[in-house]
Amino acid sequence: MTSPSPGALAQSVPSAQQATAVSPDAIKQREQELEAAREEQRKAAELQQKLKADIAAIGQDRSKLNQQLIDIATQVRSIETRIGETEGRLRPLDAREQQVRASLDSRRSEIVEVLAALQRAGRRTPPALLVRPEDALQSLRTAMLLGSVVPELRGRAEKLTADLTELVNLRKTIATERDILARDRDRLKDDQIRLAALVDERQRKQSAIEKDMEAEGARAVNLSRQVDSLQGLIAKMEQDLKSAAKAAATASLQGAPAAPGGKPNLGALKDPARLSPAIAFASAKGLFAFPVNGRKIRDFGGSDGAGGVEKGISLATRPGAQVTTPCDGWVVYAGPFRSYGQLLILNAGGGYHVLIAGMERISVNIGQFVLTGEPVATMGTTSQVASILATTASQPVLYVEFRKDGTPIDSGPWWATSEGEKVRG
């Protein structure tokens, strides 16, 4: 093997140096990225310290913990709504910007002809039209004011000015909306971290009360494999599983809360220390909020896409969306079941059960009493419910079913028709 000549070595040295050299701009960018990462770590550390202090301040006060959980979950869902609305506003703005840009691009030769008038007036060549439309617009306006644009081109110049003005305004609006979106996403991230810490604390305290909770959860999953239907699952849990049977017995003993004057006492929902439903399920029609922010894609009684009829409703949601309880109730099942993915079943008292399926992770345990608006699960990134996979495989979908004495019923009458009617914890 021959060795390279001294000349070749001399030539290779500068090349190697050039290959490894880093431009000042690249160094500055890396320093900025490093500083941003440090700032993010600092904020995360501060947030963790604040969370620890908040949780320590709560101590053994169950009602305070419940209220904080409901408040933060409500805030998370509110931010999710705002993010969805901002994204909805951005879609047509982005589409319109692309249309205007495409229109300007298709008329490039005409635009060059118009802008050539600037050069004839002794001005410098205008900046790139579609890179800095603001500068191009200013140059064109100046040329028109100075009379640099020849009369036969004035009409086209005015049309170009209008298009550039729209493009500039679109860019400003889009930038404002994206700033709003970025701030909301930052807030959502912080609130999700806070909510996760509070949920962990709630479950830690629940575990301290129910020592055999983990074993009960494993036993529930084993029992669920012995049944094929949802009704069979409910019966199996409430008969054979100690914590679910206790929850069902408590629900039966508590009975339905009295409704003074025939109307539900909404004030009872303000008590975060309650251990039984504040409102009788049967008298809560028109008051419930959907368990998740989403768009209804299937309704009770419609086709299920497999020759059958829908027994519940399906809501298409955002990936990672927060799931909260629409009502008070006792958890009689929490875990995987057949083609439903992760399934949560609440005994709401009075013979009513609420079934919620399709989540990626459930954060409550069997036997636990949960309040209206309390966080109980989070969605994944794709549909977990087998019957819905064929139509919306790429989008998470939550399935909700109401049952009375074992029979599926139309949940429609229970959902609030406006924001102001929804019950809050």
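In this text, all values refer to a predicted model and were calculated from it rather than measured experimentally.

## Notes on the sheet that holds strand β9 (residues 375-378)
The strand order across the open sheet formed by three strands is β3-β9-β7, and the pairing between neighbours is antiparallel. Only two strands of the sheet have a single partner each, and these edge strands are β3 (322-324) and β7 (361-362). Looking at chain direction, β7 and β9 are connected through two bridges and run antiparallel. Residue pairing in the sheet places Arg-361 in a bridge with Thr-378 of β9.

## Quick look at the confidence of the model for the chain
For the chain, per-residue confidence averages 80 on the pLDDT scale, and 74% of positions sit at 70 or higher. Long-range and interchain partners of residues 8-20, a stretch whose pLDDT sits below 50, account for one contact in this model, where long-range means more than four residues apart. Confidence drops under pLDDT 50 across residues 122-127; counting only partners more than four residues distant or on other chains, this segment forms 10 contacts.

## Overview of the layout of surface pockets
Its volume calculated, the largest pocket comes out at about 620 Å³. In terms of lining, the largest pocket is formed by 32 residues, of which the most central are Arg-77, Thr-81, Val-292, Asn-293 and Lys-422. Taken together, the elements giving at least two residues each to the lining of the largest pocket come down to α3 (62-106), β1 (294-298) and β2 (313-317). Its residues placed into classes, the lining of the largest pocket shows 11 nonpolar, 13 polar and eight charged.

## Regarding unusual backbone geometry
Glycine aside, negative phi is the norm for most residues, and most peptide bonds take the trans geometry. One non-glycine residue, Arg-338, adopts positive backbone phi at about 45°. The exposure class of Arg-338 is partly exposed, given its relative accessible area of 47%. One non-glycine residue, Asp-405, adopts positive backbone phi at about 50°. Within the secondary structure, Asp-405 sits in the loop between β10 (397-404) and β11 (407-409).

Parameters at a glance
- Residues numbered from 1 in each chain as written.
- Predicted model: local features only at pLDDT ≥ 70, side-chain atom pairs only at ≥ 80, totals over all residues.
- Heavy atoms only, no water.
- Pairing = 2+ DSSP bridges.
- Helix = DSSP H or I, 4+ residues; strand = E, 2+ residues; numbered from the N terminus.
- pLDDT = per-residue confidence, 0-100.
- Contact = heavy atoms within 4.5 Å.
- 1 Å grid on protein atoms, 1.4 Å probe; cavity = no way out; pocket = protein on both sides within 12 Å on 5 of 7 lines; lining within 4 Å.
- Points joined across faces, edges and corners; volume = space filled by probe spheres on them.
- Nonpolar A, V, L, I, M, F, W, Y, C, P; charged D, E, K, R; others polar.
- Buried < 20%, exposed > 50% of the residue type's maximum accessible area, 1.4 Å probe, protein only.

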